Amino acid sequence: MTDPAYLAALLEAWLPARRWYATKNLAPRIESVVVAPAHGSRARRLADAGTEILEVFVTDRPARDRIVYQVPLVRRRERPDVPESAVLGREREGGWLIDAPWDSEYMIWLAGADEGGIDITETRVVTGEQSNTSVICEVTEGPFDIIIKIFRVLAEGSNPDAELQQALTRAGVRRVPRFVDAGWGSWTRGHSSEYGHLSVTSEYIDDADDAWGLATTAAAE
């Protein structure tokens, strides 16, 4: 089992360089790290084969307010072929800790393939993401590929990214990608328990423009 104190030290060094780290002007002061093995039959089979999915919630308090980050990890016996920035570090026991969205096994688990969910074949992380991490997933069967957005900075309640897209899809609007699913979960902030969105899955449109890219291009022009 991963030592939370050792993991906190790795996170303090790794977090500030992430695009989605919220307080870039302040050094992390990690208050707590909660680690739990992923649930489900697929996760158990992967763990038996040497690849363990870990659900991780990190409470950082660099200033007065607490910030809760979702930092899912994959523990592997061998170092996978991923960018250096996706490697959190190596445990004392020798296992490698990888930022989970870069690992296709995690994305397959997250999509719920074993529980009648979406069967994913290939995945690709969107490197231009700002406050979250989005992963494009090719689907074996279905009308379209999907993109899964993993929320990094957590807030209690419904996330507007998920709520608005779901409402538009239910209303029959076809000018935005179709809503597919949303993941919910719970975590603690100080002494309080919170519940809210952890991810949202929607239709992937291959030739669509990224909103952030459109905005920066318009500003440059």
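Before any of the text, the structure's been laid out above.
A brief report on the enclosed structure follows. (Residues numbered from 1 in each chain as written. Predicted model: local features only at pLDDT ≥ 70, side-chain atom pairs only at ≥ 80, totals over all residues. Heavy atoms only, no water.)

Let us now look at the pattern of salt bridges. Scanning all chains against the criterion turns up 12 salt bridges. Put simply, E203 and R178 hold a salt bridge, and the shortest N to O gap is 3.1 Å. Of this pair, E203 sits in strand β11 (residues 192-203) while R178 sits in the loop between α4 (160-170) and β10 (179-189); the two residues are 25 residues apart in sequence, bridging distant segments of the chain. Using a relative accessible area of 14% as the deciding quantity, one classes E203 as buried. Among the charged side chains, a salt-bridge network with shared partners connects E31, R61 and R66. (Salt bridge = Lys/Arg side-chain N within 4 Å of Asp/Glu carboxyl O. Helix = DSSP H or I, 4+ residues; strand = E, 2+ residues; numbered from the N terminus. Buried < 20%, exposed > 50% of the residue type's maximum accessible area, 1.4 Å probe, protein only.)

Here we take up the pairing of β10. Pairing of β10 with β11, which is carried by 10 bridges, proceeds in the antiparallel orientation. Bridge pairing in β11 links S186 to Y195. Hairpin geometry of β10 and β11 is characterised by an intervening segment of two residues between the two adjacent antiparallel strands and by a positive phi of about 70° at G190. (Pairing = 2+ DSSP bridges.)

The next thing to look at is α4. If you check which residues of α4 are buried, you get A162, Q165 and T169. Seen end-on, α4 carries its buried residues on one side only, within an arc spanning 80°. Away from its buried face by more than 90 degrees, α4 exposes P160, L164 and R170. On its buried face, α4 sits against β10 and β11. Here α4 starts with a cap whose side-chain oxygen sits 2.8 Å from the backbone nitrogen of D161, and that cap is N159. (Arc of directions from axis to C-beta. Contact = heavy atoms within 4.5 Å. Polar contact = N/O pair within 3.5 Å; in protein donor to acceptor, adjacent residues only side chain to side chain.)

Counted by the stated rule, this structure contains six aromatic pairs. With a centroid separation of 5.8 Å and an interplanar angle of 50°, the aromatic rings of W20 and Y69 are classed as tilted. Of this pair, W20 sits in the loop between α1 (4-14) and β1 (30-37) while Y69 is found in strand β3 (residues 67-70), placing the two residues 49 residues apart along the sequence. We classify W20 as buried; its relative accessible area is 7%. Between Y21 and Y69, the aromatic rings sit 5.5 Å apart at their centres with planes inclined by 20°, giving stacked as the arrangement. Within this pair, whereas Y21 is found in the loop between α1 and β1, its partner Y69 is found in strand β3, the two being separated by 48 residues in sequence. According to the relative accessible area criterion, Y69 is buried, its value standing at 0%. Through pairs of rings, three or more aromatic residues link up here, namely W14, W20, Y21 and Y69. (Phe/Tyr/Trp six-rings, centres within 6.5 Å; stacked < 30°, edge-to-face > 60°.)

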